[in-house]
Amino acid sequence: MINYEPNEHGYWGDYGGRFVPETLVAPLDELTEGYFAVRDDAGFHAELNDLHQNFTGRPSPLYFAKRLTETLGGAKIYLKREDLNHTGAHKINNCLGQILLARGMGKKRIIAETGAGQHGVATATVCALFGLECVVYMGTEDMRRQEPNVFRMRLLGADVRGVDSGSRTLKDAINEALRDWVTNVDTTYYLLGSALGPHPYPLMVRDFQSIIGREAREQIVEKEGRLPDVLVACVGGGSNAIGLFHAFLNDDVRMIGVEAGGRGKTLGEHAARFMSSASVGVLQGTKSYVLQNDDGQIALTHSVSAGLDYASIGPEHAFLHDVSRVEYASANDDDALAAFKTLSETEGIIPALESSHAIAHVIKLAPEMSRDSVMIVNLSGRGDKDINTVREIFANS
Ligand SMILES: *Cc1c(COP(=O)(O)O)cnc(C)c1O
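Residue numbers here run from 1 along each chain, matching the order of that chain's written sequence. A pLDDT threshold of at least 70 governs which residues receive local features in this predicted model, and a stricter bar of 80 or more applies before side-chain atom pairs are shown or counted, although totals over entire chains, interfaces and linings include all residues. Hydrogens and water are ignored here; the side-chain numbers use all heavy atoms of the structure.

## So, the site of the ligand
Alright, step 1. The cutoff for a nearby residue is simple: one of its non-hydrogen atoms must lie within 4 Å of the molecule or strand. Within the structure, the ligand sits among 16 residues, and Lys 91, Ser 194, Gly 236, Ser 239 and Ser 380 are positioned closest to it.
Alright, step 2. Within the side chain of His 90, a nitrogen or oxygen atom sits 3.0 Å from an oxygen atom of the ligand.
Alright, step 3. Note that an oxygen atom of the ligand is positioned 2.8 Å from one of the backbone N or O atoms of Gly 238.
Alright, step 4. For the accessible areas, the method is Shrake-Rupley and the probe is 1.4 Å, while residue cover comes only from the protein chains on display. A total of 380 Å² of accessible area belongs to the ligand in isolation, and the protein chains cover 96% of it.
Alright, step 5. Each residue receives one of three labels: charged for Asp, Glu, Lys and Arg, nonpolar for Ala, Val, Leu, Ile, Met, Phe, Trp, Tyr, Cys and Pro, and polar for the others, Gly being one of them. Considered class by class, the residues forming the shell around the ligand number 3 nonpolar, 11 polar and 2 charged.
Alright, step 6. Where each domain starts and ends comes from a domain assignment, either automatic or drawn from a database. Both of domain 1 (12-51 + 91-205) and domain 2 (57-88 + 210-395) provide at least three residues apiece to the shell around the ligand. Any pair of nitrogen or oxygen atoms within 3.5 Å is treated as a polar contact; in protein, a donor-acceptor pairing is required on top of that, and neighbouring residues in sequence qualify only through side-chain atoms on both sides.

Structural data, given as structure tokens:
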């Protein structure tokens, strides 16, 4: 049997680890120690579970999508409704875990990066909840595209700082957050948003998100009397996908991660790290698959969904890819937009554009499967944030 846990240095096989300037080694050690002190602590988990239930609204339902299932005419499709969480996505699961950790470590100031703004909003929310100072770094291009989320974060009391370097998107925001952390390590906790970055973040974020799969496992056994045949989730950095997959890794369950195919297969036109052009490299503290050119320059990426638009992928996914435990597929912008419409019209659920990539793959796969097979799709977030993007696209097409 394969061991799916990382070693003590945060490596899954060749992937992960810690590739950071010397000044970040001590704070990362402090963080690792702080995290392992609470990882199995009953008091910590009791407080976290109380927040999951009463602040977020967990457990999120496992919903049988009857009309979508009938329309596609194959596998029974269940949606894990992370879109119903407070703040509208799975991101809050991780933020609640990390804010309790930060408070326990005595940190008074929280910093975060955000791309689409979903992680920034979730971070600003938990900082308001605990009365902690919050600084969110965001590329100015993303601030323009996601203006409502910028306003939301400011309403919640966060200081949103625009980052005007590079492509002015997520990668640049992470660089700036790391720079802040180096300067202010004593007082500051860096609340990272996906299963990425230097050890212990990929492990810690995975742990905090794996409540998705633990719940789904119980719920499907209750509804179907057995485990599902297939799990499907979209993959940006990889946190909602690994959150769903983790509780099933040792079972006979097929798993598919869906990346952003963007508008074409050429480097720069997509964010599908496993599709073709990616190779192994180091980006923002961790070793994984990275979209880069022959000289090792990080490639630009494109996706209609800001949350999937990133040149690298969490190290655990790189490992799961190489050992063939998880399959990776991609859905392009057009397929995701079509899926966005299909789910809205057949189920009355408007999905996030990120989650629409997973739905797009389900639309392809479900009809090829028998009617007694069972599929769980992670609906990582709701589509309210994407209404303006979609409106513009449909108006111009
Ligand atoms: C941020 C986000 C994603 C992508 O991040 P992962 O870490 O890959 O889960 C997917 N869906 C939604 C709704 C998001 O907000």
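## Some details on the environment of Arg 254
Alright, step 1. Residue position: Arg 254 is located in strand S10 (residues 254-262).
Alright, step 2. The classification of residues rests on relative accessible area computed with a 1.4 Å probe and restricted to protein chains. Under 20% of the type maximum is buried, over 50% is exposed, and intermediate values are partly exposed. Classification of Arg 254 as partly exposed rests on a relative accessible area of 36%.
Alright, step 3. Residues Arg 254 and Leu 231, spaced 23 residues apart in sequence, show a C-alpha to C-alpha distance of 6.3 Å.
Alright, step 4. For this analysis, residues touch if any pair of their heavy atoms sits within 4.5 Å. In contact with Arg 254, other than residues within four places in its own chain, are Asp 229, Val 230, Leu 231, Glu 327 and Leu 365.
Alright, step 5. A distance of 2.7 Å separates polar atoms of two side chains, one belonging to Arg 254 and the other to Glu 327. In DSSP terms, a helix is any run of H or I states spanning at least four residues, a strand is any run of E spanning at least two, and both are numbered starting from the N terminus.

## Observations concerning helix H10 (residues 211-224)
Alright, step 1. To estimate the expected span of a helix, subtract one from its residue number and multiply by 1.5 Å. Between its first and last C-alpha atoms H10 spans 20 Å; for 14 residues at 1.5 Å apiece the expected length is 20 Å, and the two agree.
Alright, step 2. When we look at burial in H10, the residues that qualify are Ile 211, Ile 212, Gly 213, Glu 215, Ala 216, Gln 219 and Ile 220.
Alright, step 3. Downstream of H10 by one or two residues, Gly 225 has phi in the positive range, about 70 degrees.

## As for unusual backbone geometry
Alright, step 1. A cis amide bond links Arg 58 to the next residue, Pro 59, at an omega of 0 degrees.
Alright, step 2. Assignment of secondary structure puts Pro 59 in the loop between helix H2 (42-56) and strand S3 (62-64).
Alright, step 3. With an omega of 15 degrees, the peptide bond between His 199 and Pro 200 qualifies as cis.
Alright, step 4. Even without being glycine, Arg 168 reaches a positive phi, approximately 60 degrees.
Alright, step 5. Structurally, Arg 168 can be placed in the loop between strand S7 (159-163) and helix H8 (170-183).
Alright, step 6. Overall, Arg 168 belongs to the partly exposed group, its relative accessible area being 37%.

## Points about helix H14 (residues 353-365)
Alright, step 1. With 13 residues, H14 ought to run about 18 Å at 1.5 Å a step, and its terminal C-alpha atoms sit 19 Å apart, in line with that.
Alright, step 2. Most of H14 is tucked away: 11 of the 13 residues are buried.

## Let's talk about the sheet that holds strand S13 (residues 327-332)
Two strands in a sheet stick together by hydrogen bonds in their backbones, pointing the same way (parallel) or opposite ways (antiparallel).
Alright, step 1. When DSSP locates at least two bridges between a pair of strands, those strands are taken to pair. Pairing in this open sheet of 6 strands is mixed, and the strands run S3-S4-S14-S9-S10-S13 from one edge to the other. Two strands bound the open sheet, and with one partner strand each, they are S3 and S13. Neighbour to neighbour, the strand axes of the sheet diverge by 30 degrees on average, direction disregarded.
Alright, step 2. The sheet contact formed by strand S9 (residues 230-234) and strand S14 (residues 374-379) spans 3 bridges and is parallel. Bridging from a neighbouring strand, Val 230 pairs with Met 375 of S14.
Alright, step 3. Between N-to-C directions, angles cover 0 to 180 degrees, with each direction set by a line fitted to C-alpha atoms, over the stretch in contact for helices. H10 rests against S3, strand S4 (76-81) and S14 of the sheet, and its axis sits at about 140 degrees to S4.

Read these as geometric descriptors, not functional statements.
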